[in-house]
Every structure is written in C-alpha cells, then in structure tokens.
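Examination of the molecular architecture
Here is how the chains run, residue by residue.
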Amino acid sequence: MGSDRARISYDRKQEYRSVVMQQGRVTVEADWNEAQLLASEETREEALDFVGPAGTPDNGYAITLPTSGFDFEIGAGTMYVGGVRAHLPKAEKYSQQTDWLDAAIDPDWVSVPAKAPSNNEYVYLLLREQEVSGVEDSDLKDVALGGPDTAQRTRLIQHVERLGTTGTDCPSALAAAEKVWITQGFAFEASDMRVRPFGRLEVGFVPTGVATPCDPAAQGGYLGADNQLIRVQISSTGKGGLKLLWGYDDASFLYRVTVDDPQTLTLQAAPVDAEHIPQGGQAVEVLMDAAQLSNGQFVAAPVGEVFTLGTSPYDTDSRKLTLPSALDADYGDGTKKNPGPAQVYLRIWQQELTFTAGTAVTLGDTGAQVTLTSEKNQPFRVGDYWMFAVRPGTPQQVYPERYQAAPQPPDGPREWICPLAVILWTATPVTVSSCTNPFDNLVNLTKRKLGGCCTVSVSPSDLASGKSLQTIVDQYIGTAGVNVCFAPGTYDMDGPLVLGSSHSHFHFEACAGAVILRASPNAAGNAASTFLQGLVVLNSATDVSFEGIQFQLPLVPVSSSTLTAVGAAGSSIVFSIGIRPVNSTDIRVENCEFEFRRANASLLAIGILAGGDSIGLQLEGNKFEMPAATNRLTEFLPNIRSATSVTVGFSLFPTVVSSAARSESLLASGVAAQVVPSELQQASIRNNTFTGLTLCSLVYADVGLVGVESNTARSCTWGFWFLTLPALAYAENAADIATAAPYSAEIQDLMTHLSTALRNASIQFAAGMLRGFPLPAAVDLSKAISVTVRKPATTIKDAVMLQATLDRLPAAAADSVTTTPAEGEAAALAGENIVISTPASGLATLNQNFDIVEKQAFPVRANAAIPLALHMADNDISTAGTGAQAGLELLVWDLGTNDQDAVTLTGNSFIDGGALPVVLIGGVSRCTCTGNMVLNEGAGTGRPSLWLYPVAVTDSANSKLKVFAAAVTGNVFRGVARLPARNVIPAPPAPMNTWHFFNAET
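This structure is a prediction, so every number in the text was calculated from the model and none was measured.

From N to C terminus, the protein chain includes 12 helices and 70 strands. Taking all 1002 residues of the protein chain together, the buried fraction comes to 52%. Counting only contacts in the protein chain whose residues sit at least 6 apart along the sequence, the fraction spanning at least 24 positions is 76%.

Here is the structure:
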C-alpha cells in the first residue's frame, strides 16, 4: 500500500553510493528512504552479478505432482530472482497459496482443473514488491506513542502461476509465455528477470492565457496550497475504456472496513481528522486481503473495485459508508452464507478519470496534468503507478524533474518473474521438466577439492530429506555441459534416474573409491516395479556418459498385469536391468561394473538394454559379471514356468507396441500394432569383460558400423550374437525353404544349426520378453512402423527373405570338405541328438505372434537402410562349454540384401567344445578372416569350428556372373571348418584352389 511520503529523491542514473547526514541539518524521510534504496539496490545488483538472473541454492520452489489430481506442490526453499532473495518457509500446494488470497478477482489465477489439461502448462514465480502499512499490520503501531503508525514496511508477495502452453521444454514455453505477457501489458527482461510495463507518464501544467501569433500561452503551475506527493495509477483497461486514479498523500490513507451488505461498509476505526473523511465525489477503492502474515494479520490487495461516492456518503456517528452501487459478490455480503474475505479495506483517492493515450488529463483543480502513452501502442496494465511531488513554492516544477523532461516508466509495482517448470500433461505418464538453475554456496564449493571439472558433487548423504538423485540432477537442466561427480559410497535410489533430451551433455563420474548405484533396499511391491526399466533410463538423450560406477541390477518381480501385457500371464518372472537407453545417441559407458544377481524365479537380466536407434554407443572397459556362486545357465527351459537365468551384457531389440490386451491376440486379424525398429550404428564395444553370462551381446537390429575389440569372455554360455532385421522372425521357416542339389544337404545343416540356436527355449524366452518389453514413458514413436495384423494361414509360408538369402549361398560352400568328415560330423550331430528344440507353448505362441508382426513391418527391401560393417579384433572368447547347445561364440546371421554388408575378423580367439559351430557367419556379402584361433575342443570327430556362408553378389563387369567376396587366411582351426570357395580366375591348381590351404587345421 502507498506510504505517506513528501517526495521521491532516489534516481539510479545519478550513480550515488550513499547518503551522508550532516550536523545541524533538518532530517527528512526522503533522505532515509534514499539511503535504504541505495544500499538495497547495491546489494541486489551484487547478487545479480554473483548468482545470475535466477538461481536456487537449495532446490527451492521445486514443482512436484501429486499422486492424483491436477494440483501441484511448491517446494520450500530459496530462490534468487534478479538479485532479489525470495524464500518459501514451507511447502505449499498451488491451490492453497497464502500469498494469493485475492485469487477470486485476479485474472492471472487459474483454477485447478477437474480433469487432465489438454495442453501443457508453464509454471513460474511472480514476485511483487508491496508496501505494508500499520492499518494492515497493527504490530507496526507503537502503543507507547498512543497508537499512531510510524514507518511502513515492504514485502514480497509471491504467486506461483500456471499458464497453458504449447511448449514442450523451458525455452519454448518461455517464448510462448512472453507473447502472452505482451498482451497483458508488459515485457519480460531475461537479463534481470524484471517485468517491464509498457505504460509511460509525463507531467505538465495547464497553460493559462490565450495564445496569439506573437505571444504563446503562458505556462501554468501547481495551484494547491500544500506540499503534496501525488500518485497516479491505472485502474481500468477494459470495456469501460482507459481509466486512472489519482490521489494526494500518495493515496496512502487506508481503512479496515466491515461489509454490512453489498452497498454498506463500516469503518473499523474513525478517520484521523475531518480532512480524511470520505467525501462526496471522491473515488474510493475497496480491496480484499491478498496475503496472510505470520501474526495472523493480512496484506491488502494492490487493486480492487473502484467507486465514485455520491452526496454525503459517510455517517460520522455510525462510521458507515454508503456505496453508489453493490460490491462484487467476491467481497461478501455481510452474511454467514457469504462472509467474503477475512479482511476488507477501503483506500481513499481523489478521482477516477477516463483518459486517452497521448492526450493530457487534468488532475482536478491542482493545475497539474498528466499524459499517458504506451511503448509501440502496447496495452496498459492495471495497477501500474507513478509518484511525483509538487510544491507551491516552485509551482512550475515537478520532483523528480525527469517527469517533465520525458515520459517515464512506472515507479511500481516492482515485479520479477522466475520460470520454475513445464508440466507435460500431454505426456504419458505426466512429467515435470524443471526450469530452475541450482548453484552451490562457497562452503560447498571449497569443500570439493575435486578440481574445476565438476558441475555438482554428490555424496550418499545428499539423498535425504526428500532429495533424490533425480531432483539433484534436474536442477542443472539448461546448463551447457554438466559433470556430476560422485563421492564414494552406496547410493540408495527410490526410483530410476530418468534422463531425457533436456539432460543431454550430462556426464556422471565416480571420483574416487567405490560408487554403487542400487535400488533402495526398502523398495518393495509397487516401489520395486518403478525399476522395471532399470536403474537409469535414457529417453532421446544425447551425449550422456557414465564412468567408474557400479550398477547393482535391481530385481523386479513382474506384476500379473505386466505379464499379461507381454503375453505370459501366470508366469513368475523377474526382470533386472542396469541402463536402458532408448533412441539415444552418443551414450558412453566406461569402466563401470554391472553386478548381476540371482532370483528365485525365471530371470531375464541385462546390463544395458537398448531400444530404438542406438547411434554412437561406446562401451569400454566395463565388467558384466554374474557372481561365481550362480550357475552359468541351468537346464534349458522345458517350459516357461521352469526357473531359469538368462543374463546378457548388452542387448538391442525392436519393440512391438500393440493395442491388444495380450500378445496372443496379435494373431487376430485387424489388430493394430506399431513396431519401433532397432538400429545399431557407429558403435564400439571395447576392452569389456563378460563373466558367467548367457550371452555377451544379443543384438537384433539393423546393424551398421560396429567395432568389437579386445573383449574377454569367460564362463559364458554363448558369445556375441548379431542378428539383422528380421532374421529372428524367419527362424521357424526352415521347413518352408526349397534347396536344390548340389548343396541342399549343406543348407539343411546350416538351417539345422541356426534353428537349434534361435529356437532354443532360452533364446525364445529372452526374445519373447524383449520384443514386447514396454518402452519408457513419453518415448518418441515417430519412426514406429504401423501394422494392421493380417490373419495368417494355418502353416506360415512367408519365407521370401529367407529363401532369397539361401538362394545366394555359394554352391561350392564346402568345396574341399570330403564326404567322410561331413558324414562323421553328421553322425556326431546325431549322437548329440541335435534337433530343433520346441519351446513351451506360451513362448512359441508369443514369438510366433511377434514373427507375424515383424514380417509385415520389415518386408523385403532391395537394400537395408545401412550396410552391416562388423569389425571384430583381438577378442578372447573362451567358454569351454560342452554338449549339444554349446558353441556360437560368434553368430552373425544377416537377412539383409545390401551387397556391401561385411564382417572382418582379425586376431581373435574363439574356444568352445560343443556341437554347434564355434563361429557361424551367414548371409553377408563380404568377409575376411585373418589370424584367428577358432577351436572346438570337444571330443569326437566332426566337431564344427568356423562356418562361413557368404552370399553371392553380381559382378558389375558381367551381370550374369555371381561371385562372393571372402578371404580366410592365417587362421588356426580345430574342428571342421566350412569355408567358401576361393574365387580366383584362372583357378589355381590344388590344393591352393581352396582357402583351407592357407590355414592350419587340426
């Protein structure tokens, strides 16, 4: 509320630093007020320099959503806004803000919606500086002096506001909000977070006399007898036109009133003298309370409902004031049914006048006139005010003098805006993207001793008092490059760390000692299910890295509803995932450990489970380990309900998203589904160690350039598998292919071994779960392929891609392998009883459904989107397994038709002892294999080592000649090696006409 001042002497342009009192001089309140302003503005500008436009040291004003409804909570804490320190002592709900009691008449108020908003919302903090008088807070009066008021106080009124937006992040939402604010009469200045109104006011005086060509009109002046500070305030910009209020004494006279009825008010205290009794013709403003003070009293609202009083409106005996018309119902009617606000006030003005922008308006009989204009003809804003002093001793001057020199911006109210968050109501589930900027105090900064690379340092003790790793990290959204440094210790997480596009360029590093991220031991039931997607979820993030961190994979029992969604209801399955990147690029995981754990149920555990596009992935120096006490793999599943353990270091799979309640329902004709394809490109898997797992990698994707170098695998069941889309979908079509002499037996052997691997119940279990595994919330589906499922025939005959690949296999694939070893091998295979295993009926149906959808989503393509370019060098893969299921330290099965697909093997060691080939590569058009050891250490004859089946390509010089590009030199083989023919024209003499001559075979 206005204060009774003599004049305003503070002028920032003067660059004064302080006020110096002198002996024997008169002291006036203007000097004291200017001293206060000089000091406070210096402090504010220093804070602005140190902190920046806005920042919080304690995650203050954090926006969190409730478990239900569409309200939200505002967290307690501190926020610096434009150098002004705002503090919220305790958390509040949006709908229950103690500084927004006048919400009923505030156009900025948005009621809490009863149903989910159809658009997103931008949440921001509005700070308004407001004076508080002794009428509002009676504690400011001194009873020792008989009760008069003395000095007034200033206070920040805080509104956390919500504004509908089409923006999806902080920058876009702010840009949209700025357009709305312009229509409300102000601009936002991001450099200091100030609200800059467009209105301008210039003061002059009514000219006197009649102007002639020779003599201009004489300039008038102030006609009053008293020294006055006049306040002018915008009161209306609506249908009634532009209006202003003006008043003497800075319009500081305020009374508490009681609403007797909509037209009658009772002043709770008599006016101080007859001069301040409400007079006929005067303008009065009825105000409701705006904010509650800690002592239970209230601060008046800055604007209210204006009336021009009629003749003799006030009765001095009863202190009753009669209004010319009824108050708005929001102010109450004096009854218990509608009591209105806790406190109502009456403010005294001189007049309310209509004005036109650019035209002078005379203020009563003062002789002064004001001209209001607006920058670029933008709107005026209700509540903006100006204060200028006039003196009878200098009637033609105004103080401050700048009011006569040029149009001036409003003196108040001073306001600041601070963005807090964007609520993505349109996302599933609803998410909150923080817009605040955190900063550390000097004590914390000097305690780090970690050098200058850490943006934020985190210790296990920081995850307390409602803080989580998520809330700590989210404070730095919008910062260019964030390094999160972990102090040693165990970090118990109540939920996964979710990193989206706004977390791009975030890097997480263990500084020294062991850093363990794990699900909180207290997380059980629904809390545990929050980790279904893993400890860390990356959704469309770019350039995020993890270094030196140990991930203790959570064990998440899947609820019956989730099992139904993946078509395996009634099963007992535990999922366990470390990092879950989906549609994320340039993700780096270095020198981390992934600790797998056993479960008393069927377990599918994956260190890093990727989805969608995985571009620029780098896995280097990591350890993926199942503790030695756990068997590497129990008996392969006779059915899905038998407990098993399928553990994978790295996996990438496409995802089927269906509207069907159960995946079995995909067999029904007309069911709508979407397939999110998977792509692995520009990836590097280097210097990692895999111990005790089922598979080092299981990749089912469009595979581009991938380097697999210097990795070590021990005690794993299988090694690295790379299946191109849609190879898995055709695994069951072996019976549908047509193979002609002279190599039909060769192809049948190939398909028998492939089917043995791909139809193994464990692989079926993993494939069924991963193809239907849910995607993270709000994942980008722009690349998803829509499918309307067709009704399949009783026997699936859709093997076009498979047939096309097999037709291109070279007829002389086993050119130098004699009949005897082949027969011996067949006998050995028969002795091992290798057949196409039959998974449980539930798994078989589930995967068959996914096969149908994938065959429609990935039809025959002339060329894959990217050529396969797999480079494997210096890997040491030794599992020493035995039995019918052992082997396949490397499996590459390519159903693509790109004639540039290539695999390069250099200096690797592959050792196993089973009936499956140690290395099986099929379907690629180019392959080199140099300096490798491929050893099948199993007993008996005919054990397979390297099986290489390149496809033929058309020679550009002779379109009728089909050749295949393969070279196999300098390798050591133990076991039967099936190598392609050596394409040399003219053909060299035996034995140099085959690649076997250039290798050592035992």
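Our next topic: the sheet that holds strand β5 (residues 84-88). Taken in spatial order, the three strands make up an open sheet running β1-β4-β5, and their pairing is antiparallel. Of all the strands in the sheet, just β1 (54-55) and β5 have a single pairing partner and so form its edges.

Judged by nonpolar contacts, the single largest core of 144 residues is most densely connected at F508, F546 and F551. Apart from residues no more than four positions distant in its own chain, F508 is found in contact with V473, V484, F486, L497, L499, V544, S545, F546, E547 and I549. Counting residues in hydrophobic clusters, the runner-up holds 43 residues, among them W100, A177, F188 and W425.

Next up on the list: helix α2 (residues 170-183). An α-helix turns once per 3.6 residues; consequently, residues spaced three or four apart project the same way. With 14 residues, α2 should cover 20 Å at 1.5 Å per step; its first-to-last C-alpha distance of 20 Å lies within 8% of that length. Buried within α2 we find C170, A173, L174, A177 and W181. Along the long axis of α2, the arc covered by the buried residues comes to 95°, so they all point the same way. Turned more than 90 degrees from where α2 packs its buried face, P171, K179 and T183 sit exposed. Against the buried residues of α2 lie β7 (120-132), β8 (153-165), β9 (186-189), β27 (415-424) and β28 (431-434).

Within strand β21 (residues 344-348), five of the five residues are buried, which leaves the element mostly enclosed by the surrounding structure. The alternating pattern of β21 places V344, L346 and I348 on one face and Y345 and R347 on the opposite face, and all of these are buried. Pairing analysis gives four bridges linking strand β14 (residues 254-261) to β21, with the strands arranged antiparallel. From the neighbouring strand, Y255 faces β21, where its bridge partner is L346.

Scanning the model with the defined rule gives two disulfides in all. Two residues share a disulfide in this structure: C170 and C435, whose sulfurs sit 2.0 Å from each other. Its S-S torsion of approximately -90° makes the covalent link between C170 and C435 left-handed. Here C435 lies in the loop between β28 and α4 (442-448) and C170 lies in helix α2, a separation of 265 residues in the sequence. According to the relative accessible area criterion, C170 is buried, its value standing at 14%. Between the sulfur atoms of C454 and its disulfide partner C485 the distance amounts to 1.9 Å.

Taken in spatial order, the three strands make up an open sheet running β2-β3-β6, and their pairing is antiparallel. Edge positions in the sheet fall to β2 (63-64) and β6 (92-93), since each has one partner strand and no second. In terms of strand pairing, strand β3 (residues 73-74) meets β6 through two bridges, oriented antiparallel. Its bridge partner being in β6, E73 is matched across the sheet by K93.

As a further point, take helix α1 (residues 29-51). Given a rise of 1.5 Å per residue, 23 residues ought to cover 33 Å, and the 32 Å separating the end C-alpha atoms of α1 matches this to within 8%. Buried within α1 are the following residues: A30, E34, L38, E41, R44, A47 and L48. Summarising the contacts, the buried residues of α1 are in contact with β5, β10 (194-197) and β27. Once α1 finishes, G52 follows within two positions and takes phi at roughly 100°, a positive value.

Here we come to the side chain of Q408. With respect to the element layout, Q408 can be found in the loop between α3 (402-405) and β27. Note on Q408: relative accessible area 10%, which makes it buried. Looking at Q408, its side chain comes within polar contact range of the main-chain oxygen of A406, at 2.9 Å. Non-local contacts of Q408, meaning those with residues more than four positions away in its chain, are made with G199, R200, L201, W386, R402 and Y403.

On average, the protein chain scores 85 in pLDDT, and the residues at 70 or more come to 85%. Low pLDDT (under 50) marks residues 630-642, which in the prediction has 39 contacts with non-local residues, meaning those over four places away or in another chain. Contacts of residues 793-797 to residues separated by more than four positions or lying in other chains number five contacts, the stretch itself having pLDDT below 50.

This brings us to the packing of aromatic side chains. Scanning all chains against the criterion turns up 28 aromatic pairs. Among the aromatic residues, those joined into a cluster by ring pairs are F486, Y491, F506, F508, F546, F551, F594, F624, F690 and F720. Across from the ring centre of Y94, 4.8 Å away, lies the NZ or CZ of R162, which sits over that ring. One cation-aromatic arrangement involves R978 over W947; the distance from NZ or CZ to the ring centre is 4.4 Å.

Take unusual backbone geometry next. The peptide bond linking G412 to P413 adopts the cis configuration, its omega dihedral lying at -5°. Tracing the chain through its elements places P413 in the loop between α3 and β27. The linkage connecting A990 with the following residue, P991, adopts the cis geometry, with an omega of 5°. Note on placement: P991 falls in the loop between β69 (976-978) and β70 (1000-1001). Phi at D586 is positive, roughly 55°, even though this residue is not glycine. Topologically, D586 is positioned in strand β39 (residues 573-590). According to the relative accessible area criterion, D586 is partly exposed, its value standing at 36%. The phi dihedral of D874 is positive, around 60°, even though this residue is not glycine. Tracing the backbone shows D874 in the loop between β56 (869-873) and β57 (876-883).

Cut-offs and rules
Residues numbered from 1 in each chain as written. Predicted model: local features only at pLDDT ≥ 70, side-chain atom pairs only at ≥ 80, totals over all residues. Heavy atoms only, no water. Helix = DSSP H or I, 4+ residues; strand = E, 2+ residues; numbered from the N terminus. Buried < 20%, exposed > 50% of the residue type's maximum accessible area, 1.4 Å probe, protein only. Contact = heavy atoms within 4.5 Å. Pairing = 2+ DSSP bridges. Core = buried A, V, L, I, M, F, W, Y, C linked by side-chain atoms within 4.5 Å. Expected span 1.5 Å × (residues − 1). Arc of directions from axis to C-beta. Disulfide = S-S within 2.5 Å. Polar contact = N/O pair within 3.5 Å; in protein donor to acceptor, adjacent residues only side chain to side chain. pLDDT = per-residue confidence, 0-100. Phe/Tyr/Trp six-rings, centres within 6.5 Å; stacked < 30°, edge-to-face > 60°. Lys NZ or Arg CZ within 6 Å of the ring centre and 35° of its normal.

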